[in-house]
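What follows is each chain in one-letter form.
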Amino acid sequence: MAGRVDGKVALITGAARGQGRSHAVRLASEGADIIAVDICTSFDRSPAAGSTPEDLAETAELVKNLGRRIVTAEVDVRDFAALKAAVEAGVEQLGRLDIIAANAGIGTTGVKLHKIDDALWQEMIDVNLSGVWKTVKAGVPHILAGGRGGSIVLTGSVAGLKAYPHTGHYVAAKHGVVGLMRSFAVELGQYSIRVNSVHPTHVNSPMLMNEKTYRMFRPDLDNPGPDDLAPICQTFHVLPVPWVDPEDISNAVLFLASDEARYITGVNLPVDAGSCLK
């Protein structure tokens, strides 16, 4: 079915690459115009190198090549004033807002919760939890102004549905996203605004596929790569795959954003190859 979000406008954070870029391209392929936001910089204690302005420009070109309009902004989701201004500028140019995909997030390595330092904890909560809240806060007034209802999809994680050791700050933030999702769903339902979350397992994107992560999981090897990481990631899943692709998450976002999900709200949707069963 073509045109599943035809004529709608979607705000996507973390849109420069990875899942965010995939969401932008997938929604554009089904008729949406895009407001694409990304910080376009690195985080010191993230194993993955940060996105760049060139990455965001490439996302824009991919959307334009599909015949859709896109407005981009280099914004930190922790900065509500800048985020609000970027959304307002995007809506002014594109005319409306119907969909919010609050996708921006970081993954930083940690230690046991009682040993995590304050700065690492606070950065995680500020980006992966407060940044999601601020994204929705910036976008909701424009969906309300349209009077047509809308769809909000928050990016959680399997770690938002169960716990893992040594990443307690990430687990806590992603569990918090579930609380945000449910609260927003209750508060916005009367306006026909649906709010759901997607919960990926390992995703074939820069957050996972980087040299530091390979070495963290395979310290026994001199020069580990994806093939060395795959057997370990496989153990997390019921299905015989080590990870999913960004497009797999984007398909879930598209479904939740479309009228096919018109009566679905307040739902956690795992895209996890069965990880939650283990």
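Structural notes, computed from the coordinates. (Residues numbered from 1 in each chain as written. Predicted model: local features only at pLDDT ≥ 70, side-chain atom pairs only at ≥ 80, totals over all residues. Heavy atoms only, no water.)

## Some thoughts on the packing of aromatic side chains
Enumeration according to the criterion identifies one aromatic pair in this entry. Relative to Phe236, the ring of Tyr164 has its centre 5.9 Å away and its plane inclined at 45°; by these criteria the two rings are tilted. Note that Tyr164 is positioned in the loop between β5 (150-155) and α5 (168-188) and Phe236 in the loop between α7 (226-234) and α8 (246-257), a separation of 72 residues in sequence. Classification of Tyr164 by relative accessible area gives partly exposed; the value is 23%. Directly above the aromatic system of Phe80 lies the positively charged group of Lys137, at a separation of 4.6 Å from the ring centroid. (Phe/Tyr/Trp six-rings, centres within 6.5 Å; stacked < 30°, edge-to-face > 60°. Helix = DSSP H or I, 4+ residues; strand = E, 2+ residues; numbered from the N terminus. Buried < 20%, exposed > 50% of the residue type's maximum accessible area, 1.4 Å probe, protein only. Lys NZ or Arg CZ within 6 Å of the ring centre and 35° of its normal.)

## A short note on the nonpolar core
Formed by 30 residues in total, the largest nonpolar core has its most connected members in Leu11, Ile35, Leu97, Ile152, Leu154, Leu188 and Val195. Residue contributions to this core peak at six residues, all from α5. When residues no more than four places from it in sequence are discounted, the contact partners of Leu11 are Ile35, Val37, Val87, Leu97, Ile99, Ile100, Ala101 and Thr135. Counting residues in each nonpolar core, the second largest holds 20 residues, with Val5, Ala32, Leu56 and Leu254 among its members. (Core = buried A, V, L, I, M, F, W, Y, C linked by side-chain atoms within 4.5 Å. Contact = heavy atoms within 4.5 Å.)

## Side note on α7
Where α7 is concerned, the buried positions are Leu229, Ala230 and Cys233. Buried residues of α7 fall within an arc of 115° about the axis and therefore sit on the same side. The inward-facing, buried residues of α7 abut α6 (211-217). (Arc of directions from axis to C-beta.)

## Here we look at the pairing of strand β1 (residues 9-13)
The buried count for β1 comes to five of five residues, which makes it a mostly enclosed element. Going residue by residue along β1, you find Val9, Leu11 and Thr13 tucked away on one face and Ala10 and Ile12 tucked away on the opposite face as well. Pairing of β1 with strand β2 (residues 33-38), which is carried by five bridges, proceeds in the parallel orientation. Counted as the bridge partner of Ile12 is Ala36 from β2. Between β1 and its parallel partner β2, the chain crosses via helix α1 (residues 18-29), and the hand of that crossover is right-handed. (Pairing = 2+ DSSP bridges. Right-handed = clockwise from strand over helix to strand, strands pointing away.)

## A closer look at the environment of Ile232
One can find Ile232 in helix α7. By relative accessible area, Ile232 is classed as partly exposed at 24%. With 127 residues separating them along the chain, Ile232 and Gly105 place their C-alpha atoms 23 Å apart. Excluding residues that lie within four positions of it along the chain, Ile232 makes contacts with Phe217 and Arg218.

## Here's the deal with the packing of α1 against α8
When two helices pack together, their arrangement is captured by the angle between the axes and the distance separating the axes. Axis separation between α1 and α8 bottoms out at 8 Å; the angle between their running directions is 50°. In terms of orientation, α1 lies oblique with respect to α8. For the element pair α1 and α8, the recorded crossing hand is right-handed. Of α8, the residues touching α1 (which contributes Gly18, Gln19, Ser22, His23, Arg26 and Leu27) are Pro246, Glu247, Ile249, Ser250, Asn251, Val253, Leu254 and Ala257. Its residues placed into classes, the contact of α1 with α8 shows six nonpolar, six polar and two charged. (Axes fitted to C-alpha atoms, helices over the stretch in contact; angles between N-to-C directions. Parallel < 35°, antiparallel > 145°, perpendicular 65-115°, else oblique. Left-handed = near helix turned anticlockwise from the far one by under 90°. Nonpolar A, V, L, I, M, F, W, Y, C, P; charged D, E, K, R; others polar.)

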